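# Chains, contacts and geometry: an overview
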Amino acid sequence: MKQWLGKGSLQRFFRDMNRWSVLVLIIGSFIGLPIFIVAYQLLKGPGEEWEHITTFLLPHYVYHTFFLIVCCAIGTLLIGVGCAWLICRYEFPFRRVLDWMLILPLAIPSFITAYAYAGVFDNGGTWTLMMAKLGIEVQKIDVMNLSGLCWVLSISLFPYVYIGARAAFRQHAQQFREASHLLGATERKFFFTIALPLARPAIISGLLFVIMEVLNDYGAAKYYGINTFTTGIFNSWRDLEDLPSAFYLSAILVLLIFVLILLERWQRGSRSYATVAASDGGSKRILLSGGKAWFVCLLTVFPLLAGFVLPVAQLLYWVYYTFWDVLDVAFIQLIINSFFIAFLAALLTTILALFFVYFSKWTHLSGVRLFARTASLGYIIPGAVIGLGVLISARMLVQGTASLFDLRIGFLLYGSMLTLVYAYVVRFFAIAHQTIEASSAKIGSQFFESAILLGKKPILALKQIDFPLLKTGLLSAMTLLFIDIMKELPLTLVLKSPDVQTLAIKAYEYIENGDQIDKAALPSLLIIGAVSCFILISNRWLKT
């Protein structure tokens, strides 16, 4: 045993351990604590209501969730891939404007799109009123059902697929097209046999984002009365007061996400999707004219109208009547708080991710890197689950400090801005980590290593060499984080308090109160306006 410890893994551990390893472990533990606590809670077994949940509720959760995943996957693929191909392959009126405007539906949280659609097509809605003024009697279009929810989520989330597919189609070199045409391939055959397979990784990546957003959705499903896993987690926790069962439902949901990711990687196998870099000729498009050009234009305009223009128009209509009823000093303070929380959480997450990326490079301990990857899984775990994990973490910390040091710190953690910001850091850390890691990989290590050989300390080399080159990547990370934090609802609902609220929570509270649904328009438009600006800035920086 002594000989094994001297020559085995323990010896290598102390040999490879350095101060950067310790810092990576500290940051990883800070980020991963709620995730590890959620996993630990599963060891305690389900709660008292678990039998009732599995008998009467779980079948509905499974059916509705799988139905949403399949329908939204098909819908977003058809819309996202179709629009990306038309934008990249053909030249038609307003193509350049539509190129970036098709991203804008992401600016609207899905629960806001859901209640805007209900306001348009329900009884007494805008659509029926407009038709009545024109002397046309129409019946309401029932959107508050499972099919309506599929449409709302699909038209809200298709930009995830569109962005990835557009970037992939643009990378196809002109010689692929020319070679296929010389061999007699039609445009249709070129799309299905060459362009689409080469774009597969980017499209599937966007589709996984869509599926995770569908699984994370709470507001739209709750408003339309559809029972999914996320609504079930809230119901088990709040209505049934059975937190252990809520964790078990969370475990099933997380397991489902891992299975989907593993299935995608298994199906991809060892196939390579590398392509030759596109030349200047790679951007040549087929010029359309006449009716065909306007038909293609209408095809690409429709998703923008349905996913962005229609909801925004309905919100503007409501704001016209409710603006002065909603706007007051308290609401202005809410706006300031919401923007401050989003900015603070985005900044803190970006800083931690920057240190995490570089400290991981400077450590020689491979196990630390594996731990680091595990700790940054927050984004693939639904927000409600992260919120519950943060609540348990806060409770354990309060109880531990009270018993060990006789300190009462509950007022600092329960319902405070500090806890909410921490939850956002855990939830969205992976976004900043991936963005900064990709930017760092593009820079390379030659300049940094040269500075180290010249006697510079790693931190000084990072500050003087890599940091200036990383500015665009850091700003991009902050922008993406700000967008997601402003739109986040389930996590914020778990941790909300009367003293700390956001625009998303305020809009949701108005929606929950049926008599004040039109007042949700102003906070919703503020979210959309802010997120739209940051989406356009991000699109410019990332040049997708």
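Residues numbered from 1 in each chain as written. Predicted model: local features only at pLDDT ≥ 70, side-chain atom pairs only at ≥ 80, totals over all residues. Heavy atoms only, no water.

### With respect to the overall build of the protein
This is how the line gets drawn: Here a strand is any run of E in DSSP of at least two residues, a helix any run of H or I of at least four, and the numbering for each starts at the N terminus. Between buried and exposed lies partly exposed: a residue is buried under 20% and exposed over 50% of the maximum accessible area for its type, with that area taken using a 1.4 Å probe on protein chains only. Contacts are residue-level and defined by heavy atoms, with any inter-residue pair within 4.5 Å sufficient.
Along the backbone of the protein there are 25 helices and 2 strands. Burial statistics for the protein: of 544 residues in total, 52% are counted as buried. Taking contacts inside the protein between residues at least 6 apart in sequence as the whole, the part at least 24 apart equals 83%.

### Side note on the nonpolar core
The following threshold applies: By nonpolar core is meant a set of buried Ala, Val, Leu, Ile, Met, Phe, Trp, Tyr and Cys residues that side-chain atoms within 4.5 Å join together.
Core analysis: the largest hydrophobic core is formed by 168 residues, its most contacted members being Phe111, Tyr115 and Phe169. Sorting elements by how many residues they give to this core places helix 4 (residues 50-89) first, with 16 residues. With residues near it in sequence (within four places) discarded, Phe169 still touches Val81, Ala84, Trp85, Cys88, Arg177, Phe191, Ala195, Leu196 and Ala199.

### Considering the packing of helix 19 (residues 417-443) against helix 22 (residues 471-487)
Here is the rule: To get an axis, fit a line to the C-alpha atoms, keeping to the stretch in contact for a helix; angles then go from 0 to 180 degrees between the N-to-C directions. Any angle between 65 and 115 degrees counts as roughly perpendicular, while under 35 counts as roughly parallel, over 145 as roughly antiparallel, and the rest as oblique. Crossings are sorted by hand: turned counterclockwise from the far helix by less than a right angle, the near helix makes the crossing left-handed, and turned clockwise it makes it right-handed. Residues are sorted three ways: Asp, Glu, Lys and Arg are charged, Ala, Val, Leu, Ile, Met, Phe, Trp, Tyr, Cys and Pro are nonpolar, and all the rest, Gly among them, are polar.
Contact geometry of helix 19 with helix 22 gives a least axis separation of 9 Å together with a crossing angle of 155°. The orientation of helix 19 relative to helix 22 falls into the category roughly antiparallel. Remark: the crossing between helix 19 and helix 22 carries right-handed chirality. Residue-level contacts link Tyr424, Phe428, Ile431, Ala432, Thr435, Ile436 and Ser439 of helix 19 to Gly473, Leu474, Ser476, Ala477, Leu480, Leu481, Asp484 and Ile485 of helix 22. Taken together, the residues of the contact of helix 19 with helix 22 sort by class into 10 nonpolar, 4 polar and 1 charged.

### A closer look at the packing of aromatic side chains
The line we're drawing: Any pair of Phe, Tyr and Trp rings, taking the six-membered ring for Trp, is counted once the centres come within 6.5 Å. Such a pair is stacked with planes under 30 degrees apart, edge-to-face with planes over 60 apart, and tilted for the rest.
Evaluated as defined, the whole model comprises 28 aromatic pairs. Note on Trp85 and Phe169: the rings are 5.2 Å apart at their centroids and 75° apart in plane angle, and the pair reads as edge-to-face. Residue Trp85 is found in helix 4, and its partner Phe169 is found in helix 8 (residues 146-170); the two are separated by 84 residues along the sequence. Judged on exposure class, the residue Trp85 and its partner Phe169 are both buried. Centroid distance Phe121 to Trp127: 6.4 Å. Interplanar angle 50°. Geometry classified as tilted. A relative accessible area of 14% means that Phe121 is categorised as buried. Owing to a relative accessible area of 31%, Trp127 belongs among the partly exposed residues under this scheme. Three or more aromatic residues joined by ring pairs form one cluster here, namely Trp85, Phe169, Phe190, Phe191 and Phe192.

### Here we look at the pattern of salt bridges
Stated formally: Any Lys or Arg side-chain nitrogen located within 4 Å of an Asp or Glu carboxyl oxygen qualifies as a salt bridge.
One pass over the full model with this rule turns up 7 salt bridges. A salt bridge links Arg285 to Glu91, with the nearest nitrogen and oxygen atoms 4.0 Å apart. Remark: Glu91 occurs in strand 1 (residues 90-91) and Arg285 occurs in the loop between helix 13 (243-268) and strand 2 (286-287); sequence separation between them is 194 residues. Note on Arg285: relative accessible area 28%, which makes it partly exposed. Measuring nitrogen to oxygen at the nearest pair gives 3.8 Å for the salt bridge that ties Glu512 to Lys222. Taken as a pair, Glu512 in helix 24 (residues 503-512) and Lys222 in helix 11 (residues 219-224) lie far apart in primary sequence, 290 residues in all. Judged by its relative accessible area of 32%, Lys222 is partly exposed. Look at the salt bridges and you will find they share partners, linking Glu91, Arg95 and Arg285 into a network.

Function cannot be inferred from these measures alone, as they are strictly geometric.
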